Amino acid sequence: MSSIRDLYRDSKPVFSCEIYPPKKEEELLRIDETLTAIGKIHPDFLSVTYGAGGSNAGKAVEIASFAKNKCGLEVLSHITSVGFSRERLHEGLLTFREHGIENVLVLRGDRPKLMTDEEFNARDFLHASDMAEYVQKNFPEFTIAGACYPDKHFEAKSLDEDADHLKLKVESGCSMLISQLFLDNSLFYSLLERMDKRGIHVPVSAGIMPITSVKMLGTTISLSGTSVPKEFSDLAARYADRPEDMKKAGIDYAIRQCQYLLEHGADGIHLYIMNKPALAEEIFSQIRPRYTGSRY
Ligand code: FAD
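Summary of the structure given here. (Residues numbered from 1 in each chain as written. Predicted model: local features only at pLDDT ≥ 70, side-chain atom pairs only at ≥ 80, totals over all residues. Heavy atoms only, no water.)

## Brief notes about helix α7 (residues 128–138)
Step number 1: Inspection of α7 places A128, S129, M131, A132, Y134 and V135 among the buried residues, and these make up the whole buried set.
Step number 2: Summarising the contacts, the buried residues of α7 are in contact with β3 (75–80), α5 (86–98), β4 (103–107), β5 (143–148) and α8 (159–171). (Buried < 20%, exposed > 50% of the residue type's maximum accessible area, 1.4 Å probe, protein only. Helix = DSSP H or I, 4+ residues; strand = E, 2+ residues; numbered from the N terminus. Contact = heavy atoms within 4.5 Å.)

## Overview of the site of the ligand
Step number 1: Close to the ligand lie 24 residues, the nearest being Y50, D110, Y149, D162 and H165.
Step number 2: The separation between an oxygen atom of the ligand and a polar side-chain atom of K169 is 2.9 Å.
Step number 3: Contact with the protein chains hides 85% of the accessible area of the ligand, taken as 970 Å² for the molecule alone.
Step number 4: Going through the elements one at a time, β3, β4, α8 and β6 (176–181) are the ones with two or more residues in the shell around the ligand.
Step number 5: With four residues, α8 is the largest single contributor of residues to the shell around the ligand. (Near = heavy atom within 4 Å. Polar contact = N/O pair within 3.5 Å; in protein donor to acceptor, adjacent residues only side chain to side chain. Areas by Shrake-Rupley, 256 points an atom, 1.4 Å probe, with all protein chains shown as cover.)

## So, the packing of aromatic side chains
When we look at a pair of aromatic rings, we describe it by the centre distance and by the angle of the planes.
Step number 1: Scanning the entire structure with this criterion turns up eight aromatic pairs.
Step number 2: A ring pair is formed by Y189 and Y260, whose centres lie 6.2 Å apart and whose planes are at 80 degrees; its orientation type is edge-to-face. Of the two residues, Y189 is situated in helix α9 (residues 185–197) and Y260 in helix α12 (residues 243–263); the sequence distance between them amounts to 71 residues.
Step number 3: On the accessibility criterion, Y260 (38% relative accessible area) is partly exposed.
Step number 4: Aromatic pair F232 and Y253: ring centres 4.8 Å apart, planes at 80 degrees, arrangement edge-to-face. In this pair, F232 is assigned in helix α11 (residues 230–238) and Y253 in helix α12, connecting sequence segments 21 residues apart.
Step number 5: Residue classification places F232 among the buried positions, given a relative accessible area of 0%.
Step number 6: By relative accessible area, Y253 is classed as buried at 7%.
Step number 7: Cluster of aromatic residues (ring-pair linked, three or more members): F182, F188, Y189 and Y260.
Step number 8: Sitting over the ring of F120, R123 keeps its end group 4.4 Å from the ring centre. (Phe/Tyr/Trp six-rings, centres within 6.5 Å; stacked < 30°, edge-to-face > 60°. Lys NZ or Arg CZ within 6 Å of the ring centre and 35° of its normal.)

## Quick look at the pairing of β6
Step number 1: When you tally the buried positions in β6, you get five out of six residues, the bulk of the element.
Step number 2: Examined bridge by bridge, β5 and β6 share four bridges and lie parallel to one another. Bridge pairing in β6 places C148 opposite S179.
Step number 3: Bridge analysis of β6 against strand β7 (residues 204–208) gives three bridges, and the strand direction is parallel. Residue pairing for β7: I178 is matched across the bridge by S205.
Step number 4: For the crossover that starts at β6, traverses α9 and ends in the parallel β7, the hand is right-handed. (Pairing = 2+ DSSP bridges. Right-handed = clockwise from strand over helix to strand, strands pointing away.)

## Description of the side chain of R194
Step number 1: Counting through the fold element by element, R194 comes out in helix α9.
Step number 2: Buried R194, no salt bridge; nearest opposite-charge side chain is D160, N-O distance 5.2 Å.
Step number 3: Residues within four places of R194 in sequence aside, it is in contact with Y149, P150, L159, D160 and A163. (Lys, Arg positive; Asp, Glu negative; His and termini not counted. Salt bridge = Lys/Arg side-chain N within 4 Å of Asp/Glu carboxyl O.)

## Some thoughts on the packing of α5 against α7
A pair of packed helices can be characterised by two numbers: the angle between their axes and the separation between those axes.
Step number 1: Where α5 contacts α7, the two axes come as close as 12 Å, and the packing angle between them is 50 degrees. Between α5 and α7, the angle is such that the two are oblique. Here α5 runs over α7; the crossing is right-handed. Side by side, α5 and α7 meet where R86, L89, H90 and L93 of the first sit next to M131, Y134, V135 and N138 of the second.
Step number 2: Along the lines of polarity and charge, the residues of the contact of α5 with α7 split into five nonpolar, two polar and one charged. (Axes fitted to C-alpha atoms, helices over the stretch in contact; angles between N-to-C directions. Parallel < 35°, antiparallel > 145°, perpendicular 65-115°, else oblique. Left-handed = near helix turned anticlockwise from the far one by under 90°. Nonpolar A, V, L, I, M, F, W, Y, C, P; charged D, E, K, R; others polar.)

So, in structure tokens, the structure goes:
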């Protein structure tokens, strides 16, 4: 069974992307087509999100299995402690193993809108690090990834406090990290410095989301809380009334971000492609040949 952690040793930089189980019925009907198209792009791995409060959360296993077993993709399945008891987590991990998936991204998750404080606080695993510890103890063959935040997680009091918690996450079993999306590369390098100071030495893939519309910029900022550099806000202002130009400029910006990161030693690029294989195709085809020598 292959571990995606080994990719960082054997074929760095690692190119990956992320999809989510669609909420819209028509998108869900086309998900096999979407996965087949992603399979043809050959990312080093595909991560499949899990929405604790989403009605289609159950589809995550099905989607991950199709990607792994029908499209030949290495899969990293997200699991959240919110919405999962210890027993359900255990069953979920057994199911992943039955489907040949032994890579998981452990996450605490956010509180779904309809969940009360009491339900949220009653979760078995308070932090992602608690889940990492459980997975490592009970499923030692699994590769465990964790999330990290260049802008800091919104609940953390400071960047340093967040980095201290990140150290705990890694000590609890996360052998690789994927970052929250960011638009300002200097934030990513500051995070790497904080990690270095604390002796956290695991590969980190930089999370990049191509922002293809002004509306998407607003949603992305409110969901991720990342800051917007002047270069990007100028660009959004310039193309506010020209959607096609904005789309192109957003993709070009993401490509420039990736190029800079790869030239400055990033371990990997993790693309948030919003279930659009064409975005992965466009961006990877521009950056991969240059940094790996192969078209794919
Ligand atoms: P944690 O690592 O538990 O951290 C949460 C907060 O608690 C932070 O402020 C941290 O500093 C603090 N903390 C951590 N450990 C301790 C400790 N021991 N003591 C005190 N404080 C502590 N959400 C989903 O619902 N589904 C997904 O599929 C999903 N995928 C994601 C993928 C990536 C790459 C990223 C970056 C995020 C993803 N999220 C997903 C969002 C994530 O669930 C939220 O950001 C959530 O608020 C925090 O999750 P975490 O695993 O980082 O939490």
